[in-house]
Amino acid sequence: RDLARSVSSRADNILISLRGWDAESDYAESHVRRSFESSCDAARALRASGLKTLRIGVCATKSVIRNIDSIYEVVKGLGADRLEFYRPVAVRGREPEVEAYDLKILVDKLEDCQRSGELNAYIANPLPFCFYDADKVSRVSMGAVLGEGNNRFAVDPRGFCKPGYYMDVNMGDCRDLR
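One numbering rule holds for all chains: residues counted from 1, following each sequence as written. Note on the predicted model: pLDDT of at least 70 is required for a residue's local features to be given, and 80 or more for side-chain atom pairs to be given and counted; whole-chain, interface and lining totals, by contrast, use all residues. Only hydrogens and water are set aside; all other atoms, that is, all heavy atoms of the structure, feed into the side-chain values.

1. Section: the side chain of Arg55
Counted only if it meets this: Secondary structure is summarised from DSSP: a helix means a run of H or I of at least four residues, a strand means a run of E of at least two, and numbering begins at the N terminus for each. Burial status follows relative accessibility: with a 1.4 Å probe on protein chains alone, a residue under 20% of its type maximum counts as buried, one over 50% as exposed, and anything between as partly exposed. Each polar contact in these results corresponds to two N or O atoms within 3.5 Å; when the atoms are within protein, one needs to be able to donate a hydrogen and the other to accept it, and residues that are neighboring in sequence are counted only if both atoms are side-chain atoms.
Secondary-structure assignment places Arg55 in strand S2 (residues 53–59). For Arg55, a relative accessible area of 2% translates into the label buried. Among the polar contacts made by the side chain of Arg55, one reaches the side chain of Glu84 at a distance of 2.4 Å.

2. Some remarks on the confidence of the model for the protein chain
What counts is decided by this rule: The pLDDT value tells you how sure the predictor is about a given residue, anywhere from 0 up to 100.
Residues at a pLDDT of 70 or more form 84% of the protein chain, whose mean pLDDT is 83. The secondary structure element of the protein chain with the lowest average pLDDT is strand S5 (residues 154–155), at 72, and the one with the highest is helix H5 (residues 68–77), at 95.

3. Some words on the pattern of salt bridges
To keep it simple, the criterion reads: Throughout this description, the term salt bridge denotes a Lys or Arg side-chain nitrogen within 4 Å of a carboxyl oxygen of Asp or Glu.
The tally for this structure, following the rule as stated, stands at 13 salt bridges. Between Arg82 and Glu84 there is a salt bridge, with the nearest N and O atoms lying 2.9 Å from each other. By relative accessible area, which is 1% here, Glu84 ends up buried. One salt bridge in this structure joins Arg115 and Glu111, with 3.3 Å as the shortest N-O distance. Here the residue Arg115 and the residue Glu111 both occupy positions in helix H6 (residues 100–116), the gap between them amounting to 4 residues, near one helical turn. Using a relative accessible area of 8% as the deciding quantity, one classes Glu111 as buried. Through salt bridges that share partners, Asp108, Glu111, Asp112, Arg115, Lys136 and Arg139 make up one connected network.

4. A closer look at the packing of helix H2 (residues 23–30) against helix H3 (residues 35–48)
Heads up, the condition is: Every axis in this analysis is a line fitted to C-alpha atoms, fitted for helices over the stretch in contact. Angles between the N-to-C directions lie between 0 and 180 degrees. Just so you know how the angles are binned, under 35 degrees is roughly parallel, over 145 roughly antiparallel, 65 to 115 roughly perpendicular, and the rest oblique. We call two residues in contact whenever any of their non-hydrogen atoms come within 4.5 Å of each other. In this classification, Asp, Glu, Lys and Arg are treated as charged, Ala, Val, Leu, Ile, Met, Phe, Trp, Tyr, Cys and Pro as nonpolar, and every other residue, Gly included, as polar.
In the contact formed by H2 and H3, the axes pass within 8 Å of each other and the chain directions differ by 110 degrees. One finds that H2 runs roughly perpendicular with respect to H3. Residues Ala23, Asp26 and Ser30 of H2 form the contact with H3, whose own contacting residues are Ser35, Phe36 and Glu37. Taken together, the residues of the contact of H2 with H3 break down into 2 nonpolar, 2 polar and 2 charged.

Below you can see the structure in the form of structure tokens.
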């Protein structure tokens, strides 16, 4: 709790990463035991410490897109201000499993979610406008505004606290937030 108060007094906008909607689905993606529980514990501790803006980030895998309602429920339960989906990118030569069809489903579901006003949810990294209806893509996309260490602070699936998600820097362990 002391670390959560310390972080919240210095940062007003923190991103917590989830890889699924429960412990099992998160582990299937992250391969890190207790990743889901640690991330949720950190989110709750930061919210309780008075953090101004809590963001939850989720990689838009096929399983996540198929279970988006479960993701919504978890994020609402954590009291997050915003849910950000990240389009999967190729890592270590492995192509992402998500296809244009899946991303179209995500765009449509996010547009429905925004229309209902139940959750502030967006796609955080850029999508090509030409792959689908450009107006829809624009409405549910945040663009690619960079803010690592400036207006962002990330917690990755290992529990590492760092200025930006893709930075290989560990400023602390989110399990210390309890």
